[in-house]
Amino acid sequence: MTFPSVGLSVHRLRRLAPRPSRTALHLFLIAALVAWLYPFVWIFGTSFKPQEEVFSRPLALLPAAPTLENFIRAWDKANFSTYFLNTVIVTVATTLIVLAVTALAGFALGRRAFRGRAAVMSILGASIFLPQGYTIIPVYDLINRLGLNNTLVGVVLASAGAGFIIYTFMFTAYFAGLPREIEEAAVVDGVNIFQLFFQVMLPLARPVLASVAILEFLQIWNSFLIPLTLTLAAPEKRVLGVGMYAFFGQSGLDWTGLAAAATISLVPVVLVFLSLQRYFVEGVAGAVKS
Amino acid sequence: MRIGTAVHRLEGSQLAPRRARRGWLDPGGDVWPYLFVAPMVLLFLGFKLWPTLATWYFALFDWNGIGWPSEFVGLDNFLQVARAPLFWDAFRNTWLYTAGMLVVQVPLALMLAVVLNRPTLRGRVIYRTLFFLPVVATTAVIGVVMVILLSPAGGPVNNLLLESGLVRRPVNFLGAASLALPTVVAIGIWKGLGTVMIYWLAGLQSVPGELYDAARIDGANSAQVLRFVTLPLLRPVALTIIALTLVWSLNVFELVQVMTSGGPGNATDVIATYIYRVAFTVEDTVPRMGYASAAGVFFGLTNLVIVLVQFLSVRAAGRSRRGL
């Protein structure tokens, strides 16, 4: 995201804004953030607390006698090792499939006026506004008929089908905006279509690749309804969100164990977000504008 | 990114020079575009178009989800939905949740975005990131944690309230019928505010800086600049945000399913949890996929009517105001 340069006005505003009010604003924002982020602090602190400390020192943010017991319990006994692995597999596979499908389609739609292109574009565009929030039943039915119910392949396929239209538009717009000389130079060199796509055009689309990858990664890592309905009869195929729900149903009073499980689920996604947030913000802004 | 314009001025201008055919691998060929688009079209047919059509079709059958629906019942499912008090409770709760998002979350996010867009505010990028953080957290995980934090049996929030003397007995935030829905709404606002804030920020940054300068020179104060310069220019973004908020809130599922499963009683039941329960939890009865499909279609149609009526009345109001 870029910030509009406001030139002179910055200096003038600075002189106009009295100092005390700016300090007050910071104090207010910081106070708001303390409350805002308290759940995260609680999760992290509690995941290292011995179980008895939850009730003996309920408001302490950090443990008096830190322990890894909760993590061991969540990882082994509550099966979060399996849930974690399943989530990694589903997230990586879905993200790669969606990237491949949307980049290929976006390239063709953005660079060639083939017959039927206009129809594809307008059907995709219209379907964004189509009310289709409650389609989980036919999706479940389709995966079931394909014999993929209670498998990770089924979860990946249904997840890939859940969101790809906006991404296709992002790639289409980006490829359409590239100058035609780049492609012509490569074509004169006699490359075939796959060389042109993978060696010349795709590397140029790195910003969109990054935005789509992180949007889809966050989406799938956090998904719930699709993996829940598609693994109802297969506990060993659960992803982290569904596993958390199941763990809560079985041992709702094991607060420190649940906190450790929450830490296991949240740390990867928060780290990915913090390290790639530039692309994320660009992606969200791009999605709004398209 | 200049997305919309770029897509539409494509025709013709971006065509690679047409050359002699060298088979389907030739970048100038006619076949590969179809192959490149095919996987996306397949996903679209299987997971967008077919589910949309199939929901309508399934809604006409009495069907338990096994085999192909065969017991045609016409519009009977729809009549049953319209007469089910539980459906209407879920209907009301879904719209109350949505109203909470539109009335509280959307303006709150705008206020935060305006503050965090001030070029003179130090650390504004860090503030944005931290206010955004709840959005990236797994909803199901957050739901479980919130149940613990708000627990009346030793949860930290109640501990704090008791110790500070604000309450004398623990508050049963999610277990009391009168408090459960407002609590769910508050958590929903906290969880999603960051996304709406980012959209508002994207809109704010498209307002040219010179306009602010001009308004200042004319002697406008901050409130006047916001009212007469910023807000009118944010209109298109505002419409996008309202549309997206409608879609997200009318589909709310995970937060409710994890925190309350629609309870206590059905005080927080929303349409998505209602449909899920009817279609997929089979403890006491057979799954009723046809009826659940009808509930989804019925809800989608009523929403369409509500949104259209709103839209038309807002437009009519705008017309009559201009006419005066």
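Residues numbered from 1 in each chain as written. Chains lettered and ligands numbered in written order. Predicted model: local features only at pLDDT ≥ 70, side-chain atom pairs only at ≥ 80, totals over all residues. Heavy atoms only, no water.

*Asks:* Would you mind showing me how to read the overall build of chain A here?
*Replies:* Broken down by element type, chain A carries 15 helices and 0 strands. In chain A, the proportion of contacts linking residues at least 24 apart, taken out of those at least 6 apart, comes to 72%. Here chain A has roughly 12700 Å² of accessible surface; of this, 68% comes from carbon and sulfur atoms. (Helix = DSSP H or I, 4+ residues; strand = E, 2+ residues; numbered from the N terminus. Contact = heavy atoms within 4.5 Å. Areas by Shrake-Rupley, 256 points an atom, 1.4 Å probe, with all protein chains shown as cover.)

*Asks:* Mind showing me how you'd approach the pattern of salt bridges here?
*Replies:* Pairs may arise between side chains of opposite charge once their charged atoms sit close together. Evaluated as defined, the whole model comprises 9 salt bridges over all chains. A salt bridge links A:Arg112 to A:Glu183; its shortest N-O distance comes to 2.6 Å. Taken together, the positions of A:Arg112 in the loop between helix 5 (80-111) and helix 6 (117-129) and A:Glu183 in helix 10 (residues 180-188) put the pair 71 residues apart, joining distant regions of the chain. Of the two residues examined, A:Arg112 and A:Glu183, each falls in the buried class. The residue B:Asp89 makes a salt bridge to B:Arg92 at a minimum N-O spacing of 3.9 Å. Note that B:Asp89 and B:Arg92 are positioned in helix 4 (residues 85-116) at a spacing of 3 residues, about one turn of the helix. Judged by its relative accessible area of 22%, B:Asp89 falls in the partly exposed class. Judged by its relative accessible area of 45%, B:Arg92 falls in the partly exposed class. Several salt bridges share partner residues, and in doing so they unite A:Arg111, A:Arg112 and A:Glu183 into one network. (Salt bridge = Lys/Arg side-chain N within 4 Å of Asp/Glu carboxyl O. Buried < 20%, exposed > 50% of the residue type's maximum accessible area, 1.4 Å probe, protein only.)

*Asks:* Mind showing me how you'd approach the environment of B:Pro156 here?
*Replies:* Locating B:Pro156 in the fold gives a position in helix 7 (residues 156-163). Looking at B:Pro156, the relative accessible area reads 4%, which means it is buried. In this structure, the C-alpha to C-alpha distance between B:Pro156 and B:Ile126, residues 30 residues apart in sequence, is 27 Å. With near-sequence residues (within four places) excluded, B:Pro156 lies in contact with A:Tyr38, A:Trp42, A:Leu59, B:Ile148 and B:Leu149.

*Asks:* Explain the interface of chain A and chain B here, please?
*Replies:* Each partner contributes to the interface: chain A provides 114 residues, whereas chain B provides 106 residues. Between chain A and chain B lies a buried interface of about 10400 Å² when both sides are counted; carbon and sulfur atoms form 76% of it. Together, A:Trp36, A:Tyr134 and A:Ile137 form the three largest contributors to the area buried by chain A at its contact with chain B, with a combined 9%. Put simply, chain A and chain B have 0 salt bridges between them. For the interface between chain A and chain B, the tally reads 12 residue pairs in polar contact (both at pLDDT 80 or more). For the side of chain A that touches chain B, the leading source of residues is helix 15 (residues 255-289) of chain A, giving 18 residues. Considered class by class, the residues forming the side of chain A that touches chain B number 80 nonpolar, 20 polar and 14 charged. (Buried area = accessible area lost by both parts, 1.4 Å probe. Polar contact = N/O pair within 3.5 Å; in protein donor to acceptor, adjacent residues only side chain to side chain. Nonpolar A, V, L, I, M, F, W, Y, C, P; charged D, E, K, R; others polar.)

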